[in-house]
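Chain by chain, the residues:
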Amino acid sequence: SPDGEKVHIKRVYTQAEEAAFICDEISKSVEEGAKYGDFAVLYRVNALSNSLETAFARKKIPYKVFGGLRFYERREIKDIIAYLSVISNPADSVRLRRIINLPRRSIGESTIEKVASLAESRGINMFDVIEHAGSYSDLMRVSPKLERFGDLINSLREYSRTASVSATVSRVIESTGYREMLSEEDDGIEREQNVMELISSAKLFEETAEEPTLSAFLNEIALVSDLDSYDSASDAVVLMTVHSAKGLEFGTVFIPGFEEGLFPSSQSMFEGDKGLEEERRLAYVAVTRAKKKLYLLHASTRLLYGRTEARQISRFAGEIPHECSDRGIVRDSGGHSAAPVAAYSVRHQESRQTFLENVRKSGSNFASDNAERFAAGDRIRHGMFGEGEIISAVPMGGDVMYEIEFDNGSKKRLMGNYAKLKKI
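Residues numbered from 1 in each chain as written. Predicted model: local features only at pLDDT ≥ 70, side-chain atom pairs only at ≥ 80, totals over all residues. Heavy atoms only, no water.

*Asks:* Honestly, the nonpolar core in this entry has me stumped. Any pointers?
*Replies:* In a soluble, globular protein the nonpolar side chains are often hidden away together inside. In terms of nonpolar packing, the biggest core is built from 76 residues, with Phe 56, Val 169 and Val 237 touching the most fellow members. With eight residues, helix 3 (residues 75–88) is the single largest residue contributor to this core. Here Val 237 is in contact with Ile 26, Tyr 36, Phe 39, Val 41, Phe 56, Ile 61, Pro 62, Tyr 63 and Lys 64, once residues within four sequence places are set aside. Core analysis: the next-biggest nonpolar cluster, separate from the first, contains 36 residues, Ala 245, Ile 380, Met 384 and Ala 419 among them. (Core = buried A, V, L, I, M, F, W, Y, C linked by side-chain atoms within 4.5 Å. Buried < 20%, exposed > 50% of the residue type's maximum accessible area, 1.4 Å probe, protein only. Helix = DSSP H or I, 4+ residues; strand = E, 2+ residues; numbered from the N terminus. Contact = heavy atoms within 4.5 Å.)

*Asks:* Quick question: what am I supposed to make of the pattern of salt bridges here?
*Replies:* Enumeration over the complete set of coordinates arrives at 28 salt bridges. Linking Lys 10 and Asp 326 is a salt bridge whose minimum nitrogen-to-oxygen distance equals 3.7 Å. Here Asp 326 lies in strand 9 (residues 325–329) and Lys 10 lies in strand 1 (residues 7–12), a separation of 316 residues in the sequence. Taking relative accessible area as the criterion, Lys 10 reaches 18% and is therefore assigned buried. We note a salt bridge from Arg 379 to Asp 407, for which the minimum N-O separation is 2.9 Å. Taken together, the positions of Arg 379 in strand 10 (residues 379–382) and Asp 407 in the loop between strand 12 (399–406) and strand 13 (411–415) put the pair 28 residues apart, joining distant regions of the chain. With a relative accessible area of 52%, Asp 407 lands in the exposed category. Linked by salt bridges that have partners in common, Glu 18, Glu 259, Arg 302, Arg 307, Glu 309 and Arg 311 make up one network. (Salt bridge = Lys/Arg side-chain N within 4 Å of Asp/Glu carboxyl O.)

*Asks:* It is not clear to me how the packing of helix 1 (residues 15–31) against helix 2 (residues 49–59) should be interpreted in this structure. Could you clarify?
*Replies:* Each packed pair of helices is defined by two parameters, the angle between the axes and the distance between the axes. Following both chains from N to C, one finds helix 1 and helix 2 inclined at 45°, their axes separated by 9 Å at the closest point. As far as their axial angle goes, helix 2 and helix 1 are oblique. Here helix 1 runs over helix 2; the crossing is right-handed. Taken together, the residues of helix 2 that come into contact with helix 1 (itself represented by Gln 15, Ala 19, Ile 22, Cys 23, Asp 24 and Ile 26) are Ser 51, Leu 52, Ala 55, Phe 56 and Lys 59. (Axes fitted to C-alpha atoms, helices over the stretch in contact; angles between N-to-C directions. Parallel < 35°, antiparallel > 145°, perpendicular 65-115°, else oblique. Left-handed = near helix turned anticlockwise from the far one by under 90°.)

*Asks:* Could you clarify how one ought to interpret the packing of aromatic side chains in this entry?
*Replies:* Two aromatic rings are characterised by how far apart their centres lie and by the angle between their planes. The final tally for this structure, using the stated rule, is nine aromatic pairs. For the pair Phe 263 and Phe 316, a centre-to-centre distance of 6.2 Å together with 90° between the ring planes defines the contact as edge-to-face. Of this pair, Phe 263 sits in the loop between strand 5 (250–255) and helix 12 (266–270) while Phe 316 is found in the loop between strand 8 (307–310) and strand 9, placing the two residues 53 residues apart along the sequence. The exposure class assigned to Phe 316 is buried, which follows from its relative accessible area of 5%. (Phe/Tyr/Trp six-rings, centres within 6.5 Å; stacked < 30°, edge-to-face > 60°.)

*Asks:* Explain the pairing of strand 5 to me, please; I cannot follow it from the model alone.
*Replies:* Remark: a regular strand shows side chains that alternate across the two faces of the sheet. Across the six residues of strand 5, six count as buried, placing the element largely inside the fold. Pairing analysis gives three bridges linking strand 2 (residues 39–43) to strand 5, with the strands arranged parallel. Counted as the bridge partner of Ala 40 is Val 253 from strand 5. Inspection of the sheet shows strand 5 paired to strand 6 (residues 290–299) by five bridges, in the parallel sense. Residue Thr 252 lies in a different strand from strand 6, and its bridge partner there is Lys 293. (Pairing = 2+ DSSP bridges.)

*Asks:* Can you walk me through a positive patch on the surface in this structure?
*Replies:* A contiguous patch of positive charge on the surface is contributed by Lys 291, Lys 292, Lys 411 and Arg 413. Going through the elements one at a time, strand 6 and strand 13 are the ones with two or more residues in the positive patch. Relative to the helices and strands, Lys 291 resides in strand 6. Residue Lys 291 is classed as partly exposed on the basis of its relative accessible area of 45%. (Patch = residues over 30% accessible without salt bridge, like charges linked within 9 Å, V, L, I, M, F, W, Y side chains within 5 Å. Areas by Shrake-Rupley, 256 points an atom, 1.4 Å probe, with all protein chains shown as cover. Lys, Arg positive; Asp, Glu negative; His and termini not counted. Charge placed at Lys NZ, Arg CZ, Asp CG, Glu CD.)

*Asks:* Honestly, the packing of helix 8 (residues 165–175) against helix 10 (residues 188–208) in this entry has me stumped. Any pointers?
*Replies:* Two numbers describe how helix 8 lies on helix 10: the axes approach to 8 Å, and their chain directions differ by 165°. In terms of orientation, helix 8 lies roughly antiparallel with respect to helix 10. Read as a crossing pair, helix 8 and helix 10 show a hand that is right-handed. Every residue of helix 10 that contacts helix 8 at Val 165, Ser 166, Val 169, Ser 170 and Ile 173 is listed here: Val 195, Met 196, Leu 198, Ile 199, Ala 202, Lys 203, Phe 205 and Glu 206. Among the residues forming the contact of helix 8 with helix 10, the class breakdown is nine nonpolar, two polar and two charged. (Nonpolar A, V, L, I, M, F, W, Y, C, P; charged D, E, K, R; others polar.)

*Asks:* What is the right way to read the pairing of strand 10 from this model?
*Replies:* Only one face of strand 10 is buried: it carries Ile 380 and His 382, and the other face, with Arg 379 and Arg 381, is open. The sheet contact formed by strand 10 and strand 14 (residues 422–423) spans two bridges and is antiparallel. Each bridged residue has a counterpart across the sheet, and for Arg 381 the counterpart in strand 14 is Lys 422.

Written as structure tokens, this is what we have:
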């Protein structure tokens, strides 16, 4: 490609302004003839997708999450929402069934079926039976467990009547034992981060809703998570983690959360030079996914995992030479600019060496020399783009760049070691 645009490094005030900026840029480009599929949003941690998905849903911008689940499709989010739904409406038997033994309370499936049968025969809901389990001979043996669960829900209902939505979400996560349960799971840290991010959703809702009630919050979630009209094969913006993006390319790429503690991650910063170098190579992968435009976004303050914190721009932004980037401030809806944030200053020679080192290492660190090879005319399948035909295969430094015409009409150039193509 010839020389293109400079890297756009943009400062915003909050993650809400960040999401709004991304939506506005995509909408303007689509009005000028671009396709939604030309755009990708890459994030270092899954929790960052929350505010983006909400903004896209409100702006009616079609999107799909590649290599992962939408925020409100994640198991742990569905569980907490089920608790909130039962607190708001105890007659919601579907969600009651989901959480009655979660975390485990030694309430088995046969007991749940007995409760359901008794409720149906008496024309009442399951929660009514649970509250008075000691009154039913069929439930006498397990009535203490059922009534303890009923007391838990009733205490949360009472709390929610006077507490804010975000405080109610936080109380559910803690008092039900759900957070403690996640701490014992192998992937519990990320799941715990996700449920804490649900508190952020509630706080943002409180700031914008006319009536910030629990039932209104659940209605808002239902709007965002409505998948009835979702078509994974349609033209849509792609949201994914940086790890999932290896080997893919897009016309325009947005990388939100380009901040210390997020990219590089706080964990890598504790691991010393080795951890930071791994993050730096991952940042190199992220920025090189863009074919035409690249936006690196950082917020002055960010509400994440239920806490609002001041943020600093990522040190990696300072390693991009100034002549290769333009740095600006995105004005918020009130016309205010984000507060100044100090950028890291790195000499251009060091920057050049860093990027040269990344170029050398990118193949060995992120690719596999054992990838299957193909020839022009071969039919293949790609996990994201579907089936297609190889048009050309050009060897490039231990890898092969394939030009592929997919059956959906799109043409892509993909590196073989990354693309995970399958012959069909």
